[in-house]
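The residues making up each chain are set out below.
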Amino acid sequence: MGAVVGESVDEAIAAARSMLEDRTFGAAGNEVVVEEFMQGEELSVFALCDGEHAVQLLPAQDHKRIGEGDTGPNTGGMGAYAPVSIGTPALLDRVQREIFAPTLAALRDDDSAFRGLLYAGLMLTADGPKVVEFNCRFGDPETQVVLPLLEANLLAALLAVARGESVAGWEPRTLPGAALTTVLAAGGYPGSVRKGDPIAIPETVLARDDVVVFHAGTARSVSGGLVTSGGRVLAVTGIGDPLAEAGAKRRAAAAEIRF
Ligand code: GLY
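Residues numbered from 1 in each chain as written. Predicted model: local features only at pLDDT ≥ 70, side-chain atom pairs only at ≥ 80, totals over all residues. Heavy atoms only, no water.

A. Fine view of the site of the ligand. Every residue lining the ligand is accounted for by Asp 62, Tyr 119, Asn 135, Arg 137, Gly 139, Asp 140 and Glu 142. Tyr 119 has a polar side-chain atom sitting 3.4 Å from a nitrogen atom of the ligand. Contact distances for the ligand include 2.9 Å between a nitrogen atom and a backbone N or O atom of Asp 140. Against a free-state accessible area of 200 Å², the protein chains account for coverage of 90% of the ligand. Grouping the amino acids of the shell around the ligand by side-chain chemistry returns 1 nonpolar, 2 polar and 4 charged. (Near = heavy atom within 4 Å. Polar contact = N/O pair within 3.5 Å; in protein donor to acceptor, adjacent residues only side chain to side chain. Areas by Shrake-Rupley, 256 points an atom, 1.4 Å probe, with all protein chains shown as cover. Nonpolar A, V, L, I, M, F, W, Y, C, P; charged D, E, K, R; others polar.)

Have a look at this one:
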């Protein structure tokens, strides 16, 4: 796969055509997809859907580059926070009307009514919110900030969806304050990483109710100890008010974890 960027669609197509003629992309260049280059801030909005209704959870924003200051290669996601100031009620109403409602209606019309968690990855462009991608799952690491702030009973709502019941009227109330998470990655990530390094998480971190440590690339060694087993090892979420306090708590907790 390769990407060609142009000032206009015609320019991008001309550049792609010349690369195809040169076989720059080999067999991967047999198919060309032309996409709009969208500029703006990203917003991740999860909605629990029962085929007809979409109930939105608190929107979150994730950050994908490996380095401080939004630098370096893209990753699966290095951190996230919620709530997001640009996710205003007016914007979320628009997302409901222009994105979730027509998407669910089109799927019903196609005899594919969607029941489950629909994740809309949005770009908030100057022309309004646009869909970058849909996923039929929770997002990572956005979920690590959305769920700690959720006050409502998620299990009951998930069970309702699984049983074919309606989610209309379910209110995913949120706690006051903010959550911010940082992924602790193994050295070398997003390239190849070493596995099997012992992980030490102090009891003082685990005992806190304003810090949550989520496991991702972890495993048990034969002797029962916790070891690294992937690139993104842990996500450490701080909960506080305001957001800066949540950030300070997760930073302090993350600094105590070793691997
Ligand atoms: N946060 C990006 C994803 O879950 O795909």
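B. Representation of the side chain of Lys 249 within the structure. Within the element layout of this structure, Lys 249 appears in helix α6 (residues 243–256). A polar contact is formed between the side chain of Lys 249 and the side chain of Asp 210, at a distance of 3.2 Å. With near-sequence residues (within four places) excluded, Lys 249 lies in contact with Arg 208, Asp 210, Val 211, Gly 238, Ile 239 and Gly 240. (Helix = DSSP H or I, 4+ residues; strand = E, 2+ residues; numbered from the N terminus. Contact = heavy atoms within 4.5 Å.)

C. Up close: the nonpolar core. One finds Phe 46, Leu 48, Ala 82, Val 145, Val 146, Leu 149 and Trp 170 to be the most contacted residues of the largest nonpolar core, which totals 22 residues. The set of elements that each furnish at least two residues to this core consists of β1 (41–50), β4 (71–82), β5 (115–125), α3 (143–146) and α4 (154–162). No other element matches α4, which puts 3 residues into this core. Contact partners of Trp 170, with chain neighbours within four places excluded, come to Leu 48, Val 55, Leu 57, Ala 152, Asn 153, Leu 154 and Ala 157. One finds Ala 54, Leu 91, Leu 92 and Leu 118 within the second-largest nonpolar core, a separate group that totals 20 residues. (Core = buried A, V, L, I, M, F, W, Y, C linked by side-chain atoms within 4.5 Å. Buried < 20%, exposed > 50% of the residue type's maximum accessible area, 1.4 Å probe, protein only.)

D. Quick look at the packing of aromatic side chains. For the structure shown, the criterion picks out 2 aromatic pairs. Consider the rings of Phe 46 and Phe 138, whose centres lie 5.7 Å apart with planes at 85°: the pair is edge-to-face. Taken together, the residues span a long stretch of sequence, with Phe 46 in strand β1 and Phe 138 in the loop between β6 (128–135) and α3 at a distance of 92 residues. For Phe 138, a relative accessible area of 25% puts it in the partly exposed group. Through successive ring pairs, a cluster of aromatic residues spans Phe 46, Tyr 119 and Phe 138. (Phe/Tyr/Trp six-rings, centres within 6.5 Å; stacked < 30°, edge-to-face > 60°.)

E. Up close: unusual backbone geometry. Across the junction of Tyr 189 and Pro 190, the peptide omega takes the value 10°, indicating a cis bond. By secondary structure assignment, the location of Pro 190 is in the loop between β7 (178–185) and α5 (203–206). Here the residue pair Asp 241 and Pro 242 is connected by a cis peptide bond, since its omega of 5° sits within 30 degrees of zero. Structurally, the position occupied by Pro 242 is in the loop between β11 (232–240) and α6. Positive phi is not limited to glycine here, since Asp 70 has a value of about 60°. As for its position among the elements, Asp 70 is in the loop between β3 (61–67) and β4. Even without glycine at this site, Asp 111 takes up a positive phi of about 60°. Here Asp 111 is to be found in the loop between α2 (89–109) and β5.

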